[in-house]
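Structure at a glance
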Amino acid sequence: MTGTKRDNYFAIIMAGGVGSRFWPASKASHPKQFLDILGNGETLFQTTFKRLKKIIPAENIYVLTNAAYVEMIKEQMPNIKDEQIVPEPAMRNTAPSILLGTLKIHKKNPHAITLVAPSDHHIKDEEKFTVAVQQAFDNVEEKDRLITLGITPNSPNTGYGYINFDTTDGTSIKKVKKFTEKPTLKRAEKFLEDGDYLWNAGIFVWSTKFILKCFREFLPEMESLMAKGEKFFNEKNEQEFLEEYYPQAENLSIDFGIMEKAHEVFVIPVDFGWSDLGTWTSLDAQLPKDESGNLLVHCRVLAEDSENNIISSKNKKIIVLKGLSDYIIVEDDEVILIVPKSEEQYIKNLRGKVIDEYGKELG
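Residues numbered from 1 in each chain as written. Predicted model: local features only at pLDDT ≥ 70, side-chain atom pairs only at ≥ 80, totals over all residues. Heavy atoms only, no water.

Under an unreviewed UniProt entry, the name given to the protein chain is Mannose-1-phosphate guanylyltransferase, and the organism recorded is Christiangramia antarctica.

Written out as structure tokens, the structure reads:
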């Protein structure tokens, strides 16, 4: 791989989310991507950045985020340049965010090939990930197409979107037939049985030239709104432009706005030990447990007649349990959460109630 070719590789890391399902460890003031959720000494954001550096020059990795997280990013990635951090002045969905990052990158390098990735996902086999990304980069260099990485499903998970692909194509890059939103359990079971469905991980690869063409075709109002800032992008008055125009952009996902409408959409089926780490119970498959099946994050535990709990502490406290099984127990500076695993979907709701009752700083 020549230096010139690698210079055209860019990435957009999406790092603006709140991670409310990991509350109270994850709060709006300090969301899960900037936490060491796995207890391995690195935040999810740091791990993501390091993973992408293996294939993309560090200076070509842009971080789209909330203005409140800029200093946190600088602390966790001390060598990052200001121009690589793009604070969004308003909360918007992935389409305007990706468009903004793409326009900035395209102005810097009109030959750019770009990977878009979430900041808070876990990938066990990083070598397989790198191989898949390189395959996608090589492909979009030659052809005008949008590529996504689709995860080979190992269960009928109803928490993910699914990608239906064409099985008649013998190549390793498959034509996408359709995207399906989070299905019912019955439909998810049928998808696994059919064998031509993958989980949608929200990881995309394309040339900036082609994705901008797709924005002009499928989201022309959004594209023309943001394109007004071309002369400001990567300049000192960029933020002034964004403050005025970015909040006017439609709140739309890239999946709904472009991926479901475009024609040249392809998927690479991958199996590199992926998890979106969307909930506390998603840690079950990622971390070792003690002899009683208790999963411990940043804590020490004395457990009697207590099994299959997820226990997380802020400062390696000793947690003592007696007769408590199948619970999520999370201790933060200001909040202690104790919820049955079976009621995990209610955590987001509980967070909202605590905010209403005790103040938004607790959420």
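And the narrative resumes.
Moving on to the overall build of the protein chain. Along its length, the protein chain carries 11 helices and 17 strands. What you see for the protein chain is a C-alpha radius of gyration of 21 Å, in line with the 21 Å of a compact globule of 363 residues. On the principal axes, the C-alpha backbone points of the protein chain span a range of 60 × 50 × 40 Å. Looking at the protein chain as a whole, 53% of its 363 residues are labelled buried. Put simply, of all contacts in the protein chain between residues at least 6 apart along the chain, 66% involve residues at least 24 apart. With an accessible surface of roughly 16900 Å², the protein chain has 49% of that area assigned to carbon and sulfur atoms. Computed over 45 positive and 55 negative side-chain charges, the inter-centroid distance for the protein chain is 2 Å. (Helix = DSSP H or I, 4+ residues; strand = E, 2+ residues; numbered from the N terminus. Rg over C-alpha atoms; globule rule 2.2 N^0.38 Å. Buried < 20%, exposed > 50% of the residue type's maximum accessible area, 1.4 Å probe, protein only. Contact = heavy atoms within 4.5 Å. Areas by Shrake-Rupley, 256 points an atom, 1.4 Å probe, with all protein chains shown as cover. Lys, Arg positive; Asp, Glu negative; His and termini not counted. Charge placed at Lys NZ, Arg CZ, Asp CG, Glu CD.)

What helix α9 (residues 238–245) keeps buried is the set Glu 238, Phe 241 and Leu 242. Taken around the axis of α9, the buried residues stretch over an arc of 95°, which confines them to a single face. For α9, the elements touching its buried residues are β3 (85–88), α4 (94–108) and α8 (220–227). (Arc of directions from axis to C-beta.)

What follows is about the pattern of salt bridges. A complete count under the given rule lists 19 salt bridges for this structure. The partner of Asp 332 in a salt bridge is Lys 27, with the nearest N and O atoms 2.3 Å apart. A residue pair is termed long-range when its members are at least 10 positions apart, and Asp 332 in the loop between β16 (327–331) and β17 (336–340) and Lys 27 in the loop between β1 (9–15) and α2 (44–53) qualify at 305 residues. The class for Asp 332 is buried, based on a relative accessible area of 8%. (Salt bridge = Lys/Arg side-chain N within 4 Å of Asp/Glu carboxyl O.)

In the UniProt entry, the feature "domain: Nucleotidyl transferase" (unreviewed entry) is given for residues 11–284. With 34% helix and 22% strand, residues 11–284 has its two end C-alpha atoms placed 30 Å apart. (UniProt positions renumbered as here; feature names shortened; annotations may be inferred.)

What follows is about the packing of α4 against helix α7 (residues 208–218). Orientation of α4 relative to α7, taken along the N-to-C sense of each, is 135°, at an axis distance of 10 Å. It follows that α4 is oblique to α7 by the angle criterion. Note that α4 runs across α7; the crossing there is left-handed. Where α4 approaches α7, its residues Ala 95, Leu 99, Thr 102, Leu 103, Ile 105 and His 106 are matched on the opposing element by Thr 208, Lys 209, Ile 211, Leu 212 and Phe 215. Each residue belonging to the contact of α4 with α7 can be placed in one class, and the counts come to 7 nonpolar, 3 polar and 1 charged. (Axes fitted to C-alpha atoms, helices over the stretch in contact; angles between N-to-C directions. Parallel < 35°, antiparallel > 145°, perpendicular 65-115°, else oblique. Left-handed = near helix turned anticlockwise from the far one by under 90°. Nonpolar A, V, L, I, M, F, W, Y, C, P; charged D, E, K, R; others polar.)

Our next topic: the packing of α4 against α8. At their nearest, the axes of α4 and α8 sit 10 Å apart, and the two run at 45° to each other. One way to sum up the angle between α4 and α8 is to call them oblique. The element α4 and its partner α8 pack so that their crossing is right-handed. Residue-level inspection shows Ala 95, Pro 96, Leu 99, Leu 100 and Leu 103 of α4 in contact with α8, the latter providing Met 222, Glu 223, Met 226 and Ala 227.

The grouping of Leu 302, Ile 318 and Val 320 at the surface amounts to a nonpolar patch, some 310 Å² of accessible area in total. Within the secondary structure layout, Val 320 lies in strand β15 (residues 318–322). Look at Val 320 and you get exposed, because its relative accessible area is 58%. (Patch = residues over 30% accessible without salt bridge, like charges linked within 9 Å, V, L, I, M, F, W, Y side chains within 5 Å.)

With 4 of 5 residues buried, β16 is to be regarded as a mostly interior element. Inspection of the sheet shows β16 paired to β17 by 5 bridges, in the antiparallel sense. Each residue of the ladder has a partner; that of Tyr 327, found in β17, is Pro 340. (Pairing = 2+ DSSP bridges.)

Position of Ala 285 among the secondary structure elements: in the loop between β11 (274–275) and β12 (295–297). Distance from Ala 285 to Pro 269, taken between C-alpha atoms, is 21 Å for residues 16 residues apart in sequence.

Attention shifts here to the packing of aromatic side chains. Describing an aromatic ring pair means giving the distance of the ring centres and the angle of the ring planes. Scanning all chains against the criterion turns up 16 aromatic pairs. Centre to centre, the rings of Phe 129 and Phe 272 are 5.6 Å apart; their planes meet at 75°, and the pair counts as edge-to-face. Of this pair, Phe 129 sits in helix α5 (residues 126–142) while Phe 272 sits in the loop between β10 (265–270) and β11, and the two are 143 residues apart along the sequence. No difference in accessibility class separates Phe 129 from Phe 272, as the two residues are buried. On the numbers, 4.8 Å between centres and 65° between planes, the contact of Tyr 160 with Trp 199 is edge-to-face. Within this pair, whereas Tyr 160 is found in the loop between β6 (146–151) and β7 (162–165), its partner Trp 199 is found in strand β9 (residues 197–207), the two being separated by 39 residues in sequence. (Phe/Tyr/Trp six-rings, centres within 6.5 Å; stacked < 30°, edge-to-face > 60°.)

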